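Descriptive structure summary
Here is how the chains run, residue by residue.
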Amino acid sequence: MDIILNMLAKIYRRGYISRLSLSLMIAGSLSSPSSAEDGRVHPDTARVSFSWQVISDTVIITIQSLSEDSLMNLFISDFTDSEPVFVECRIDGEPVDSLPTEREFGSVYPDKYTTRWIAGDFYQNLYLKYYSSSYNGYYLSWSAGHPYPVFGMISVIGPPGTTAWQE
Amino acid sequence: MRKLLLLFLIIVLPSAAMAQFNDHDGQLEVTWSPPDFGNPLDHYIWTYEINEVADSVTGQSPGEDTLENSVTLTTIGDWAIFYIRAVSIVNDTSIVVLTDTAYYNPETGIGPPVGVNWIQGP
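The paragraphs below set out a description of the structure included in this document. The shown structure was predicted, so the numbers you read here are calculated from the model rather than taken from an experiment.

**With respect to the overall build of chain A**
Regarding its fold elements, chain A presents 2 helices and 13 strands. Considering chain A as a whole, with its 167 residues, one finds that 46% of them fall into the buried category. In chain A, the proportion of contacts linking residues at least 24 apart, taken out of those at least 6 apart, comes to 65%.

**What about the sheet that holds strand β13 (residues 161–166) of chain A?**
Sheet architecture is open: 3 strands sit in the order β13(A)-β2(B)-β5(B), paired in antiparallel fashion. One side of each edge strand has no neighbouring strand; the edge strands of this open sheet are β13 of chain A together with β5 (67–72) of chain B. Pairwise comparison of adjacent strand axes, ignoring direction, gives a mean angle of 20 degrees for this sheet.

**A closer look at unusual backbone geometry**
With an omega of 0 degrees, the peptide bond between A:His42 and A:Pro43 qualifies as cis. We note that A:Asn73 has phi near 55 degrees; this positive angle belongs to a residue other than glycine. Here A:Asn73 shows up in strand β5 (residues 71–80). Unusually for a residue other than glycine, B:Asn51 sits at a positive phi of about 50 degrees. Tracing the chain through its elements places B:Asn51 in the loop between β3 (41–50) and β4 (53–62). In this structure B:Asn51 comes out as partly exposed when scored by relative accessible area, which is 32%.

**Focus: the environment of A:Gly39**
Residue and element names in this part refer to chain A. Locating Gly39 in the fold gives a position in the loop between β1 (37–38) and β2 (40–42). The buried category is assigned to Gly39, whose relative accessible area is 15%. In this structure, the C-alpha to C-alpha distance between Gly39 and Ser155, residues 116 residues apart in sequence, is 6.3 Å. Not counting chain neighbours up to four residues away, the residues in contact with Gly39 comprise Phe50, Ser51, Trp52 and Met153.

**A word on the nonpolar core**
Counting residues in each nonpolar core, the largest one holds 27 residues, and the members touching the most others are A:Ile63, A:Leu74, A:Ile76, A:Leu140 and A:Trp142. Contact partners of A:Leu140, with chain neighbours within four places excluded, come to A:Phe50, A:Trp52, A:Val59, A:Ile61, A:Ile76, A:Ser77, A:Asp78, A:Tyr130, A:Tyr135, A:Gly152, A:Met153 and A:Ile154. Formed by 19 residues, the second largest nonpolar core is a distinct cluster that contains A:Trp165, B:Phe21, B:Trp32 and B:Ile84.

**With respect to the packing of aromatic side chains**
Residue and element names in this part refer to chain A. Counted by the stated rule, this structure contains 12 aromatic pairs over all chains. Ring geometry for Phe79 and Tyr109: centres 5.1 Å apart, planes at 75 degrees, overall edge-to-face. One end of the pair, Phe79, is in strand β5; the other, Tyr109, is in the loop between β8 (101–105) and β9 (113–122), with 30 residues separating them in the sequence. Of the residues examined, Phe79 reaches a relative accessible area of 13% and is grouped as buried. Overall, the relative accessible area of 32% leaves Tyr109 in the partly exposed class.

How each quantity is defined
Along each chain, residue indices are assigned from 1 in the same order as the chain's sequence is written. A letter from A marks each chain and a number from 1 marks each ligand, given out in the order of writing. Residue-level local features of this predicted model are given only where pLDDT is at least 70; pairs of side-chain atoms are given and counted only at 80 or more, and the full residue set underlies all totals for whole chains, interfaces and linings. Only hydrogens and water are set aside; all other atoms, that is, all heavy atoms of the structure, feed into the side-chain values. To qualify as a helix, a DSSP run of H or I must reach at least 4 residues; to qualify as a strand, a run of E must reach at least 2; elements of each kind are numbered from the N terminus. Exposure categories follow from relative accessible area, calculated using a 1.4 Å probe and restricted to protein chains: below 20% of the type maximum is buried, above 50% is exposed, and the middle band is partly exposed. We call two residues in contact whenever any of their non-hydrogen atoms come within 4.5 Å of each other. We call two strands paired when DSSP finds no fewer than two bridges between them. Structural elements are reduced to axes, namely lines fitted to C-alpha atoms, with helices fitted over the stretch in contact, and the angle between N-to-C directions of any two is expressed from 0 to 180 degrees. Residue types Ala, Val, Leu, Ile, Met, Phe, Trp, Tyr and Cys, when buried and joined through side-chain atoms within 4.5 Å, form a set referred to as a nonpolar core. Planes of paired rings set the category: under 30 degrees apart is stacked, over 60 is edge-to-face and the rest tilted, where pairs are Phe, Tyr or Trp rings (Trp by its six-membered ring) whose centres lie within 6.5 Å.

No statement about biological role is implied by the geometric values presented.
Dropping the structure here:
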């Protein structure tokens, strides 16, 4: 899936497809065939895409720059019942052994761990996977400070499912 | 080569805009299921885009509803896309989901003759 995103980004930069077409394609590739959900990005949803999913208490986050801009000073926050464990990270396709991490218990929510995964700077995309037993928190968010302030958050209510026309 | 690659990607990547539904009587009915996760559901907000006009018909449905059938297409060839999102009891809003495009496209044809026994004659 990251290979597809990289290819699409390169094609977009060369001007072969419009930004809208690229956003539709990326939304399609991220939501199929897995159960990844699109998160909400503020304020400019056309420049950054963000998806997340939870599989067996494993959280997977993908943040993709849809423009020529590099995302900088990015960190991801989550609040979990149990201490999360780093599993995998790739920045611009390159594996990263670990990320600088800040972690506290009870500092924000009295019964949850606050964890900040500090990704820093990247050009095109970030992929992060971590595990936290009995994961049930819909508190995931991330923010970046440059080249423009941008943050993302997940929906705390799922979308309607199996929408279909009837005859 | 690059143009071929672009064409290949457009074909293979999924897109809701490429699928369609033929509705035979113009009375549009769409169903959905509740969200799979998150804060308790309160209601749904939905809208129809008809013949490229966004928000042609809009409305809300209670959380227990899973059917919408208030729109009728009157001209053959008219089409519509239905958008819906869920809203929680604390006003969190989900992402929007949309349907395939529904076209008013009644089937036409000639059926076999009925009521006459051609073997035995009158």
